[in-house]
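# Working through the structure, step by step
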Amino acid sequence: MRIIASLTLFLFAMPLAADTTTYRVLFAGDDTGHLIVNTAENRIAIDFDYKQNGRGPTIAEEITLDDRGYPVDWTITGTTTFGSSVDEHFRVEGNTARWQDATGPGQTAIDGATRFYVDQNGSAYSLALLARALLADDDGRIEVLPGGNASIRRRSTMSFDGPDGQLEITAYEISGLSYNPALVMLDQHGRFFATASPRFSMVRQGYESADKALRDTAEALSTERFVEIQANVAHSYDEPVRIRNVRVFDPLTLGLTEPKDVVIYGNRIASVQAANSPMPGGEVIIEGDGGALVPGMYEMHGHLGQGNALLNVAAGVTSVRDMGNENDVLEQLVRRIDAGTIAGPRITRSCFIEGESEFSAATGETVATLEEALALVRWCGSRDFHQVKLYNSMKPEWAEALVAEAHRLGMRVAGHVPAFSTANAMIEAGFDEITHANQLMLGWVLEDGEDTRTLFRFTAMKRFPALDLNGEDVQYTISRMVERNVAHDPTVAIHEHGLTAVDGEPAPIARDVIDHLPTNEQRSLKQELFGTDSPEERAEYVAAFEFILDLLGRLHDEGVMLLPGTDLGGSFAYHRELELFETIGLSPAEVLRRASYDMAKYLGQAEDLGSIEKGKFADFFLVPGDPTESLKELRRIRMVVSDGVVYFPSEIYPSFGIRPLVEPPQVTGPATESSATARR
């Protein structure tokens, strides 16, 4: 069925007039950059540049379109968000399409059947071009290059006033390329108007006042999508549920029990019985087949959104410590999860406070004075925040007062090391936790005046290999952390990704699952994060990562509490984080305890979570083998129970374009399912 036939006929009948259109890039309402689009007949030139939190892409594009509006010549140059070089190009010559992106070269015979090329590192303007192509297709679905299919769905309409008059805007979702649909808004003439997410928008200049409405629309459409998914994948039973014949991981003994039956009722564990115990009638039976039942895990460095909430649950992550978010966006997310409207982990919130500077992060709240910062600490202290997180542009001299106020209100304090200060100074000021391995270590290598609010906080890590692990500076910091019981959230996986990933090779965080992922997710995981100019520079980064692992091993040996968190969205990256914890000296069983019981205890939640015991919340997952022998079992999760609701990853993953990794267990007995209801 043709989608909006009259509009699409008009779109592709009209020539591209010579003009220039500017779009503004807004993060949480703050203007951070631009997208400038110059069109002349069938040629488009693009200038895309924004900077947020000291980083952002700088991209130039030249595109030539054929009569159908399909790209036939496309070059993309510049740098990515973290400074990696971009030199991407695509060209159609006769019946052959050739391209080069960060993953390497490719080509295919198209035999007259034109296929749309999906860029890897271009601007969001390409969404408008793809949307136009999809709208012109009979069924709104086309094959794309380098592979896969894209489809389009009309979602909502709205109108906005501005310098071009009142525009009628239609929002479309493009699916099939990544985990979640891309949102693109076109005006009544088929021209690109905006794209948006709950925290970000890129909107035509002169219509910036539409920002909040666009972000609200993005959030509403995302919610609608995840409500639909929840209705299909969440199994909430009125009857008791017996998971039969499983070996339960005991975090205190660091082993698996003899075969057990675990019975849940509602959102609590009703009993843990010997396998093959007498069973009353009226139970739902889930066959464990001798697999291991493991307590739900904690992602301790998340920035959670609807897009990754369910993927974390599918990965066995039933609790997330959110380390910084828009307060109203996160508040609404928590309410939807708690009400059972959508799926997601339990959320422990951090109060993100950033100082005011040209490099300020748009996450959380920005303050200009100590009085404003103290007022925000008090605001968070009267709400459900576990801790305060201070960030890069915070004035170091404020730290002691802010820490004292947070502690007075019963909150812990974690964070980055403010620019022009050191981890040692923040430890003396009373920080309970230092966030990110580079933030902990940069003070050992920085010169006076060097600014860590920029990408320099990443590139300076090349200096780490020159450090002596037994040197006075390093040992002093370790000793102060031990004496003051300061924890560390190193986010090891993101450091591995940034320092060791190279173009064209699967990144370590995805090697075991990459073939199961959608096309664009695979491409992004075959691209370096931090750019380098030579093999020698990459070797310096790799050596820096090896130093980080050595230092973390020393911290672990000295008794510093290391917290597993990714800053990469969790899910599959979290599994890699845990493998890296094994690399620094924990056994697989100790890693599982750290990810579950230790983190529940650290957050003061061990009374209800962290182990599989009668009376505790039903948060756990099932794997077929023995995860105390190999953490690779975590990638074979057959079932997750989160707050008593049963999920099967094999049912969840297709909604994200992921090919399932393992089959679900057999379910028998009464199957009276009720809607997931609020129980927390």
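Whatever comes next refers back to the structure up there.
The text that follows walks through the structure, step by step, so that each part is easy to find.

Reading the values: the criteria
- Residues numbered from 1 in each chain as written.
- Predicted model: local features only at pLDDT ≥ 70, side-chain atom pairs only at ≥ 80, totals over all residues.
- Heavy atoms only, no water.
- Salt bridge = Lys/Arg side-chain N within 4 Å of Asp/Glu carboxyl O.
- Helix = DSSP H or I, 4+ residues; strand = E, 2+ residues; numbered from the N terminus.
- Buried < 20%, exposed > 50% of the residue type's maximum accessible area, 1.4 Å probe, protein only.
- Phe/Tyr/Trp six-rings, centres within 6.5 Å; stacked < 30°, edge-to-face > 60°.
- Lys NZ or Arg CZ within 6 Å of the ring centre and 35° of its normal.
- Axes fitted to C-alpha atoms, helices over the stretch in contact; angles between N-to-C directions.
- Parallel < 35°, antiparallel > 145°, perpendicular 65-115°, else oblique.
- Left-handed = near helix turned anticlockwise from the far one by under 90°.
- Contact = heavy atoms within 4.5 Å.
- Nonpolar A, V, L, I, M, F, W, Y, C, P; charged D, E, K, R; others polar.
- Core = buried A, V, L, I, M, F, W, Y, C linked by side-chain atoms within 4.5 Å.
- Disulfide = S-S within 2.5 Å.

So, on to the pattern of salt bridges. Going through the model one piece at a time under the given rule, you end up with 48 salt bridges. In this structure, the salt-bridge partner of Asp-19 is Arg-191, at a minimum N-O distance of 3.2 Å. Here Asp-19 is found in strand β1 (residues 19-27), whereas its partner Arg-191 is found in the loop between β13 (182-186) and β14 (192-196), with 172 residues between them in sequence. When its relative accessible area of 27% is taken as the criterion, Asp-19 is described as partly exposed. In this structure, Arg-268 engages Asp-608 in a salt bridge whose closest nitrogen and oxygen atoms are separated by 2.8 Å. Here Asp-608 lies in the loop between α16 (588-602) and β31 (620-623) and Arg-268 lies in strand β20 (residues 268-274), a separation of 340 residues in the sequence. Here Arg-268 falls in the partly exposed class, since its relative accessible area comes to 29%.

Our next topic: the packing of aromatic side chains. Scanning all chains against the criterion turns up 20 aromatic pairs. Residues Phe-90 and Tyr-117 carry aromatic rings whose centres are separated by 4.5 Å and whose planes lie at 10° to one another, so their mutual orientation is stacked. Here Phe-90, found in strand β6 (residues 85-93), pairs with Tyr-117, found in strand β9 (residues 116-117); they are 27 residues apart in sequence, far enough to count as distant. Of the residues examined, Phe-90 reaches a relative accessible area of 1% and is grouped as buried. Counting every residue linked through ring pairs, the aromatic cluster contains Phe-27, Phe-48, Tyr-50 and Phe-200. In this structure, Arg-68 packs its charged tip against the face of Tyr-70, placed 4.3 Å from the ring centre. Across the ring face of Phe-617, the terminal group of Arg-346 is positioned such that the distance to the ring centre comes to 4.1 Å.

This next bit is on the packing of helix α12 (residues 492-500) against helix α14 (residues 535-557). The interhelical angle for the contact between α12 and α14, taken along N-to-C directions, is 160°, at an axis separation of 8 Å. Between α12 and α14, the angle falls in the class roughly antiparallel. Crossing hand, α12 versus α14: left-handed. Counting all contacts with α12, which are made through Val-492, His-495, Glu-496, Gly-498, Leu-499 and Thr-500, the residues of α14 involved are Arg-538, Tyr-541, Val-542, Ala-544, Phe-545, Ile-548, Leu-549 and Leu-552. Here the contact of α12 with α14 is composed, by residue class, of nine nonpolar, three polar and two charged.

Another point: the nonpolar core. Judged by nonpolar contacts, the single largest core of 113 residues is most densely connected at Phe-464 and Leu-551. In this structure Phe-464 touches Asn-438, Met-441, Leu-442, Val-445, Ala-544, Phe-547 and Ile-548, once residues within four positions along its chain are discounted. Residues Ile-44, Ile-46, Tyr-125 and Ile-142 belong to the second largest nonpolar core, which totals 47 residues.

Looking now at the state of the cysteines. Summed over the entire model, instances satisfying the criterion amount to one disulfide. What pairs with Cys-351 in a disulfide is Cys-380, and their sulfur atoms sit 1.9 Å apart. The sign of the S-S torsion, about 60°, decides the handedness of the disulfide formed by Cys-351 and Cys-380: right-handed. Remark: Cys-380 occurs in helix α6 (residues 370-381) and Cys-351 occurs in strand β25 (residues 346-355); sequence separation between them is 29 residues. Each member of the pair, Cys-351 as well as Cys-380, is classed as buried.

Turning next to unusual backbone geometry. Residue Pro-146 is bonded to the preceding Leu-145 through a cis peptide linkage, with omega at 10°. Here Pro-146 shows up in the loop between β10 (141-145) and β11 (149-160). Positive phi outside glycine occurs at His-436, with the angle close to 80°. Residue placement: His-436 occurs in the loop between β29 (433-435) and α9 (437-441). Even without a glycine there, the phi angle at Asp-643 is positive, about 55°. Within the fold, Asp-643 resides in the loop between β32 (639-642) and β33 (645-647).

The subject of this paragraph is α12. Every α-helical turn comprises 3.6 residues, leaving residues that sit three or four positions apart pointing alike. For α12, the tally of buried residues reaches eight of nine residues, placing the bulk of the element in the interior. Among the residues of α12, those classed as buried are Val-492, Ala-493, Ile-494, His-495, Glu-496, His-497, Gly-498 and Leu-499.

Tracing the backbone through its elements, the reader meets Thr-318 in strand β24 (residues 317-322). For Thr-318, the residues in contact, after removing those within four places along its chain, are Gly-296, Met-297, Pro-345, Arg-346, Asp-619, Val-640, Val-641 and Ser-642.

With respect to the helices, strands and loops of the structure, Ser-123 is situated in the loop between β9 and α2 (125-135). With 69 residues separating them along the chain, Ser-123 and Gly-54 place their C-alpha atoms 19 Å apart. Residues contacting Ser-123, with those up to four places away along its chain left out, are Leu-35, Ile-46, Phe-48 and Glu-61.

Packing of α12 against helix α15 (residues 572-583) brings their axes to within 8 Å, and their N-to-C directions diverge by 95°. What the angle tells us is that α12 and α15 run roughly perpendicular. Between α12 and α15, the residues in contact are Val-492, Ala-493 and Glu-496 and Ala-573, Arg-576, Glu-577, Leu-580 and Phe-581, respectively. Among the residues making up the contact of α12 with α15, the classes are represented as five nonpolar, no polar and three charged.

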